[in-house]
Amino acid sequence: VIGFALQDTLGNMFAGLAIQVEKPFRVGHWVSVGSHEGQVSEVTWRATKLRTKQGNLVVLPNAFISKEAIVNYSEPAVPTRLEVEVGVSYDVPPNQVKEALLEAAGNAPMALADPAPDALVVDFGSSSVVYRVRFWMNDFARDSVARDQVRSAIYYSLKRRGFEIPFPIQIEIPRPEEPERASERIDRVSRILAPVALFAPLTG
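What counts and how
Residues numbered from 1 in each chain as written. Predicted model: local features only at pLDDT ≥ 70, side-chain atom pairs only at ≥ 80, totals over all residues. Heavy atoms only, no water. Phe/Tyr/Trp six-rings, centres within 6.5 Å; stacked < 30°, edge-to-face > 60°. Buried < 20%, exposed > 50% of the residue type's maximum accessible area, 1.4 Å probe, protein only. Lys NZ or Arg CZ within 6 Å of the ring centre and 35° of its normal. Pairing = 2+ DSSP bridges. Helix = DSSP H or I, 4+ residues; strand = E, 2+ residues; numbered from the N terminus. Axes fitted to C-alpha atoms, helices over the stretch in contact; angles between N-to-C directions. Expected span 1.5 Å × (residues − 1). Arc of directions from axis to C-beta. Contact = heavy atoms within 4.5 Å. Patch = residues over 30% accessible without salt bridge, like charges linked within 9 Å, V, L, I, M, F, W, Y side chains within 5 Å. Areas by Shrake-Rupley, 256 points an atom, 1.4 Å probe, with all protein chains shown as cover. Salt bridge = Lys/Arg side-chain N within 4 Å of Asp/Glu carboxyl O.

It is worth spelling out the packing of aromatic side chains at this point. Ring pairs (aromatic) are described by centroid distance and by the angle formed between their planes. On inspection of all chains with the given rule, the structure shows 4 aromatic pairs. On the numbers, 5.4 Å between centres and 85° between planes, the contact of Tyr155 with Tyr156 is edge-to-face. Taking the relative accessible area as the measure of exposure, Tyr155 reaches 40% and is therefore partly exposed. The exposed category is assigned to Tyr156, whose relative accessible area is 53%. Through successive ring pairs, a cluster of aromatic residues spans Trp30, Tyr73 and Phe140. When the ring centre of Trp30 is taken as origin, the NZ or CZ atom of Lys53, which lies over that ring, is 5.8 Å away.

Next comes the structure, spelled out in structure tokens:
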């Protein structure tokens with residue numbers, strides 16, 4: 001009975017021991033565990049505490065961490081690669097678009113010059129060719145700011161060259177309906193109600 005009652009506690013303790021030995025992360029590292037992401041603020045025998053970018057504290061039992069995939073953004077190298085996507089008109093050749101995108105990434109203050117950014121065609125969308133810009137930055141805690149800088153630089157770079165970022169396109173085909181005469185409506189309703197036994201005795 002005692003062993004059953006202590007099952008979760010012992011599981012967390014042994015998982016905490018494994019974390020201390022293997023050291024998949026340390027205090028100060030930015031990690032993702034399952035659906036949780038944050039900076040490691042404390043590691044105990046029972047649980048690991050993460051501080052999210054919103055300032056919230058998430059306490060994860062070590063037994064839970066031992067069963068989930070762990071992504072460590074701070075190791076083995078500090079630079080982290082980020083991605084942003086943008087759609088550009090089909091009228092513009094891809095090599096010209098890529099040149100504009102790489103120029104934009106180079107103008108973003110937080111995007112590193114080494115490793116160098118790159119640009120790829122990733123999809124032929126319904127209203128545009130979709131490009132993905134990949135770049136590196138040093139401070140994962142400010143990844144949203146880095147993406148904002150790159151997206152803003154992309155917008156101005158494309159505008160300067162006159163390259164269109166298309167709106168989603170939808171085509172509406174109108175179908176005019178002819179007005180129905182009263183006699184036709186009565187006949188149509190009568191045909192619908194005729195098979196119903198409840199309305200069989202009724203007449204037009």
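For the rest of this paragraph, the subject is the sheet that holds strand β4 (residues 57-61). The 5 strands are arranged β4-β3-β2-β1-β5 in an open sheet whose pairing can be described as antiparallel. With partners counted over all chains shown, the strands left at the sheet margins are β4 and β5 (70-72), one partner each. Across this sheet, the average inter-strand angle for adjacent strands is 40°, counted without regard to direction. Where strand β3 (residues 47-51) lies against β4, 5 bridges are found, and the strand directions are antiparallel. Paired with Thr48 across the two strands is Leu60, which belongs to β4.

Side chains of residues three or four places apart in an α-helix project in the same direction, reflecting 3.6 residues per turn. Across its 19 residues, helix α5 (residues 143-161) extends 27 Å between first and last C-alpha, which sits within 8% of the 27 Å expected from 1.5 Å per residue. Of all the residues in α5, the buried ones are Asp143, Ala146, Gln149, Val150, Ala153, Ile154, Ser157 and Leu158. Buried residues of α5 fall within an arc of 155° about the axis and therefore sit on the same side. Facing away from the buried side of α5 by more than 90 degrees, the exposed set consists of Ser144, Tyr156 and Lys159. Close packing links the buried residues of α5 with β6 (80-88), α4 (94-107) and β8 (129-137). Two residues or fewer past α5, Gly162 is found with a positive phi of approximately 75°.

All right, on to the sheet that holds β8 then. The antiparallel open sheet is built from 3 strands, whose spatial order is β6-β8-β7. Unpaired on one side and paired on the other, β6 and β7 (118-124) mark the two borders of the sheet. In this sheet, neighbouring strand axes are inclined to one another by 25° on average, regardless of whether the strands run parallel or antiparallel. As judged from the 6 bridges shared by β7 and β8, these two strands associate in the antiparallel manner. Looking at β8, one finds that Asp118 is bridged to Arg134. Against the sheet, α4 touches β6, β7 and β8, its axis set at about 130° to β7. The sheet strands contacting α5 are β6 and β8, and the helix crosses β6 at an angle near 35°.

This part covers a nonpolar patch on the surface. There is a patch of nonpolar side chains on the surface, built from Leu17, Val21 and Trp45 and spanning about 330 Å² of accessible area. Locating Val21 in the fold gives a position in helix α2 (residues 7-22). What makes Val21 exposed here is its relative accessible area of 63%.

Under the defined criterion, the tally for this structure stands at 10 salt bridges. Residue Asp143 pairs with Lys53 through a salt bridge whose shortest N-O separation is 2.3 Å. Here Asp143 is found in helix α5, whereas its partner Lys53 is found in the loop between β3 and β4, with 90 residues between them in sequence. The exposure class of Lys53 is partly exposed, given its relative accessible area of 32%. Where Glu103 meets Arg161, a salt bridge forms, and the shortest distance between an N and an O atom there is 3.0 Å. Of the two residues, Glu103 sits in helix α4 while Arg161 sits in helix α5, which places them 58 residues apart along the sequence.

These results come straight from atomic positions and should not be treated as a statement about function.
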